[in-house]
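Examining the three-dimensional arrangement
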Amino acid sequence: MAFAIARTRDEAHLYLDLHPCACGSVETAWDSGLVAVDDGLATRYRGACDDCGRQREYLFGVPERPTMPAGYPTFGGPEPSQLLDAGEWLWVADLTAGNVPVDDEAEAHRTLSIATAAVEEVVKFIPPGADEVPDDGFWSQRGREIRAAEPGRFQLDRLLIVRDSFRDLAARHA
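First, a word on scope: everything that follows refers to the structure included in this document.

About the criteria used
Each chain has its residues counted from 1, running along the sequence as written. In keeping with the model being predicted, local features are shown solely for residues with a pLDDT of at least 70 and side-chain atom pairs are shown and tallied solely at 80 or more, while totals for entire chains, interfaces and linings include all residues. Calculated side-chain values reflect all of the structure's heavy atoms, with hydrogen atoms and water omitted. Whenever a helix is involved, its axis is fitted only over the stretch in contact; in every case the axis is a line through C-alpha atoms, and angles between N-to-C directions fall within 0 to 180 degrees. Runs of E in the DSSP output that reach at least two residues are strands. Runs of H or I that reach at least four are helices, and both are numbered from the N terminus. Here the word oblique covers every angle except those under 35 degrees (roughly parallel), over 145 (roughly antiparallel) and from 65 to 115 (roughly perpendicular). Here, two residues are considered to be in contact whenever any of their heavy atoms come within 4.5 Å of each other. We call Asp, Glu, Lys and Arg charged. Ala, Val, Leu, Ile, Met, Phe, Trp, Tyr, Cys and Pro are nonpolar, and the rest, Gly among them, are polar. Each crossing is labelled by how the near helix is turned from the far one, with a counterclockwise turn of less than a right angle marking it left-handed and a clockwise turn marking it right-handed. Relative accessibility thresholds used throughout: buried, under 20% of the residue-type maximum; exposed, over 50%; partly exposed, between the two (1.4 Å probe, protein chains only). Charged-residue counts in this description rest on Lys and Arg as positive and Asp and Glu as negative, His and the chain ends being excluded. Any Lys or Arg side-chain nitrogen found within 4 Å of a carboxyl oxygen on Asp or Glu counts as a salt bridge. The nonpolar core is taken to be a set of buried Ala, Val, Leu, Ile, Met, Phe, Trp, Tyr and Cys residues, with the residues joined through side-chain atoms within 4.5 Å. Two strands pair under a simple rule: DSSP has to find at least two bridges between them. Any two rings among Phe, Tyr and Trp, with Trp reduced to its six-membered ring, count as a pair given centres within 6.5 Å; such a pair is stacked if its planes are under 30 degrees apart, edge-to-face if over 60, and tilted if neither. Put simply, a charge is over a ring when the Lys NZ or the Arg CZ is close to the ring centre, within 6 Å, and near the line of the ring normal, within 35 degrees. Exposure above 30% relative accessible area and no salt bridge define the residues that can form patches, which grow by joining like charges within 9 Å and nonpolar side chains of Val, Leu, Ile, Met, Phe, Trp and Tyr within 5 Å. Exposure was quantified through the Shrake-Rupley algorithm and a 1.4 Å probe, taking into account, for residues, occlusion by the shown protein chains and nothing else. Charged side chains are reduced to one point each, which is NZ for Lys, CZ for Arg, CG for Asp and CD for Glu.

Two elements in contact, helix H1 (residues 9-18) and helix H2 (residues 86-97), have axes separated by 13 Å at closest approach and are oriented at 85°. If you check the angle between H1 and H2, you find them roughly perpendicular. Side by side, H1 and H2 meet where Glu11, Leu14 and Leu18 of the first sit next to Trp89, Trp91 and Val92 of the second. Looking at side-chain class alone, the contact of H1 with H2 contains five nonpolar, no polar and one charged residues.

What follows is the structure, encoded as structure tokens:
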């Protein structure tokens, strides 16, 4: 059985945060490590929900080549995500950029860095020579809803303007 690949720890943790326990809580102290599966290795995240105690477990595929962290956050290498689709990444960028603290420069920088990196992840779904995210870049319900609401937001030129704006704002808070 093949598992969607978590390119980095930051990507895996974001995925886990976006998939709460059945009780609705995302609060879980995760233990992680490599495990043997039928056709190779997987990274397992396992823990008990802090609110209800329910055991939670996720298995992710292991990338062929590891992506070395290059600051925070490092969601992945040059390839698009298998865990979150383009719409979900833009949703993360919007949600994060909408919650920038005004009284903590370091946290504002961190928050805007996440928003910047999330938009960069959307751009990775655009094939070379194309000017927007193709249909196959949206597979989740949330992602398809975000795209349906504003399809123009997935055009390369608009994404680059948003990414650069977030990057500039983050630099002001560094």
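Another aspect to go through is the packing of H2 against helix H3 (residues 105-123). Axis angle and axis distance: for two packed helices, these are the angle between their axes and the distance between the axes, and together they describe the pair. Between H2 and H3, the least distance of the axes is 8 Å, while the angle of their chain directions is 160°. The angle between H2 and H3 falls in the class roughly antiparallel. For H2 against H3, the interelement crossing comes out left-handed. In contact with Ala86, Trp89, Leu90, Val92, Ala93, Thr96 and Ala97 of H2, H3 contributes Thr111, Ile114, Ala115, Ala118, Val119, Glu121 and Val122.

Take aspartate 10: it is sitting in helix H1. An unpaired buried charge is present at aspartate 10: no salt bridge exists, and arginine 9, the closest side chain of opposite charge, is 4.1 Å distant. When near neighbours in sequence (up to four residues on either side) are disregarded, aspartate 10 contacts Tyr72, Pro73, Thr74 and Phe75.

Enumeration over the complete set of coordinates arrives at ten salt bridges. Between arginine 167 and glutamate 120 there is a salt bridge; the shortest N-O distance is 2.6 Å. Residue arginine 167 is located in helix H5 (residues 156-172), and its partner glutamate 120 is located in helix H3; the two are separated by 47 residues in the primary sequence. Given a relative accessible area of 28%, glutamate 120 falls into the partly exposed group. With a shortest N-O distance of 3.7 Å, aspartate 164 and arginine 167 are connected by a salt bridge. Placement of both aspartate 164 and arginine 167 in helix H5 is noted, with a separation of three residues, approximately one turn of the helix.

Turning our eyes to something else, we now look at the nonpolar core. With 33 residues, the main nonpolar core has Phe60, Leu84, Trp89, Val122, Val133 and Leu159 as its most contacted residues. Take this core: its biggest share by element is eight residues, from H3.

Strand order in the open sheet formed by three strands is S1-S2-S3, with antiparallel pairing between adjacent strands. The open sheet is flanked by strand S1 (31-37) and strand S3 (55-61), the only strands paired with a single partner. Here the average twist between neighbouring strands, direction ignored, is 30°. Examined bridge by bridge, strand S2 (residues 40-48) and S3 share seven bridges and lie antiparallel to one another. The residue of S3 that forms the bridge with arginine 46 is glutamate 57. Packed onto the sheet, H1 meets S2 and S3 and runs at close to 140° relative to S3.

Evaluation of the coordinates by the stated rule reveals eight aromatic pairs. Pairing tryptophan 30 with tyrosine 58 gives two aromatic rings, centres 6.0 Å apart and planes at 70°, and the pair type is edge-to-face. Here tyrosine 58 lies in strand S3 and tryptophan 30 lies in the loop between H1 and S1, a separation of 28 residues in the sequence. Aromatic rings pair up to connect Tyr15, Trp30, Tyr45, Tyr58 and Phe60 into one cluster. The ring centre of tryptophan 91 lies 3.8 Å from the NZ or CZ of arginine 142, which sits over that ring.

Attention now goes to a negative patch on the surface. Together, Asp17, Glu27, Asp50 and Asp51 give the surface a local cluster of negative charge. Within the fold, aspartate 17 resides in helix H1. You can call aspartate 17 partly exposed: its relative accessible area is 45%.

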